[in-house]
Amino acid sequence: MTDATVRPPADENAVRLYGEEFDQRPSDFFERMRREHGPVVPVLLEGDIPAWYVIGYREVNHVTGNPALFARDTRRWNAWDMVPENWSLLPFVGWNPSVMLAEGEEHHRRSAAISDSLDAVDRTELAGISERVADHLIDEFAGDGEADLGTQFADRLPPMVMVGLFGVPDAEVPDMIRDIQNVAGSDEHAVAAYQRLQETMRRLAETRRAHPGPDVTSRLLQHPAGYTVDELISDLIPMLSAGTLPTGHWIGNTLRLMLVDEQFAVTLQGGRGSVSHALNQVLWEDTPSQNNIGRFAVRSCELAGRKIRPGDMLILGWAAANADPQVQPPAQGVGAGNRAHLSFGHGDHGCPYPAPELAEVVARTAVEVLLDRLPDIELAVKPEELLWLPSFWVRRLAALPVTFTPTMTSH
């Protein structure tokens, strides 16, 4: 543990990084933070634990592009002495031996193997799997004339697609999906769910080592990087979680945008031309991954005029950086072709190639199939009645209730 004496006291103007405005009106919150504090904001996490919230687009790029100065290993943090045992953010800050927290050559070795293994996924086959899963899920509610597109469609589709890519046996899929969701929930079920996931991953890794198949898990074990079973267990959980949960929220947030924004009305009448535009606009305006903890200063430095001490935590505000008026002037808009957002991270620890591409195949296919099957879909409530779930990490609706003309199943 780093000597706590190097930790600065909480800034007298520090902002609590939670509350109604932060959860429900983040654009207002970001604008106020920028106006009152600039691109680097002194904040307090739950329990009044101090940190820096980096919300400037240029500053986030600087931090993520300089791993020698702003490192990933959470053991560098200088405020561990303030953290209670039951701290709600502990699952996301506690050190583990996964590729997410690895540094230097160790990170490069494993991330390169992950990229190679994911790149072998056939995009056309992935789209076909996504289409079949979408049809299956829609069949379950197509005759009802109403549905919650969050819990009945968007949240369920990506894990049902992704587990197959990793070679998870069909019998284990329901329990595994439930455990992934419970871990992300950061509630009383999280620790037990994580332990079950570790055992599931161990069985999967050992089975695929003995009986390789055409899946990501087998390819990782066979990669020249020399993945061990223990390394694979540590990396499969964040890979599956990152590949399923944010993609589901991406689908849900895109469907919401297309249902409330008039510019997408033609798409809701059966066209497909604007789906990619809507997916990209959501990554700018309502990105599923809002924040990341983060980086930890290796030595004293300055960032946007703030004095950063060794071991200080820097929280990366992906959503806030995307809203930075320096890169997104309000009068200009984001445009369909501008993909310079930070929704997939940036730098060495950004989402590894080609994961964003694969996620987009799944998300785009899901939205297109839904609009094809239910062309007269409408919100069942007023747009302003849709609520966002309180979360430090993700942007996700509590529910997305819709109505439509009941239809036959796809079979």
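Since the structure is predicted, the reported quantities are computational estimates derived from the model, not experimental observations. The numbers attached to residues start from 1 for each chain and follow its sequence in the written order. The predicted nature of this model means local features are confined to residues of pLDDT at least 70 and side-chain atom pairs, given and counted, to a pLDDT of 80 or more, with totals for whole chains, interfaces and linings taken over all residues. To get the side-chain values, all heavy atoms of the structure are used, and hydrogens and water are removed first.

Observations concerning the sheet that holds strand S11 (residues 401-403)
- Strands pair, by our definition, only if DSSP identifies at least two bridges between them. Under the DSSP-based scheme used, a helix requires at least four consecutive residues in state H or I and a strand at least two consecutive residues in state E, with every element numbered from the N terminus. With respect to topology, three strands assemble into an open sheet ordered S5-S11-S10, the strand pairing being antiparallel. Of all strands in the sheet, those with a lone pairing partner are strand S5 (146-148) and strand S10 (378-379), marking the two edges.
- As defined by bridge partners, S10 adjoins S11 across two bridges and the pair is classed as antiparallel. Paired with leucine 379 across the strands is valine 402, a residue of S11.

A look at the nonpolar core
- Counting residues in each nonpolar core, the largest one holds 79 residues, and the members touching the most others are Phe141, Leu149, Phe153, Leu157, Ile251, Leu370 and Ile377.
- Broken down by element, this core gets its largest block of residues, 14 residues, from helix H12 (residues 229-260).
- Residue contacts are defined here by distance: any two heavy atoms, one from each residue, within 4.5 Å place the two residues in contact. The residues contacting phenylalanine 153, other than those within four sequence positions of it, are Ala134, Leu137, Ile138, Phe141, Asp148, Ile251, Leu255, Ala366 and Leu370.
- Within the second largest apolar cluster, 28 residues are counted, among which are Val15, Ala51, Val93 and Ala319. Side-chain atoms within 4.5 Å are what join buried Ala, Val, Leu, Ile, Met, Phe, Trp, Tyr and Cys residues into a set we call a nonpolar core. Partly exposed residues are those whose accessible area sits between 20% and 50% of the maximum for their type, while under 20% is buried and over 50% is exposed, using a 1.4 Å probe and protein chains only.

Things to note about the packing of helix H6 (residues 123-141) against helix H16 (residues 355-373)
- Here the axes come from fitting lines to C-alpha atoms, over the contacting stretch only for helices, and the angles between their N-to-C directions go from 0 to 180 degrees. Taken N-terminus to C-terminus, the directions of H6 and H16 make an angle of 40°; their axes are 9 Å apart at the nearest point. With respect to each other, H6 and H16 are oriented oblique. Handedness of the crossing formed by H6 with H16: right-handed. When H6 is examined against H16, the residues Arg123, Leu126, Ala127, Ser130, Glu131, Ala134, Asp135, Ile138, Asp139 and Phe141 are found in contact with a partner set consisting of Glu357, Leu358, Val361, Val362, Thr365, Val369, Leu370 and Arg373. For classification purposes, angles smaller than 35 degrees are called roughly parallel, those larger than 145 roughly antiparallel, those between 65 and 115 roughly perpendicular, and all remaining angles oblique. Left-handed describes a crossing in which the near helix is turned anticlockwise from the far one by less than a right angle; the clockwise case is right-handed.

A word on the sheet that holds strand S1 (residues 15-16)
- Here six strands make up an open sheet; going across it, the order is S1-S2-S3-S9-S6-S4 and the pairing mixed. Lying at the two open borders of the sheet, with one neighbouring strand each, are S1 and strand S4 (70-71).
- Bridge count for S1 against strand S2 (residues 40-45) is two bridges, and the pairing is parallel. The residue of S2 that forms the bridge with valine 15 is valine 43.
- On the sheet, helix H2 (residues 26-37) packs against S1, S2 and strand S3 (49-54) and is oriented at approximately 120° with respect to S2.
- Each of S2, S3, S4, strand S6 (291-297) and strand S9 (313-317) is contacted by helix H3 (residues 57-64), which is oriented at about 125° to S9, the strand it contacts most.

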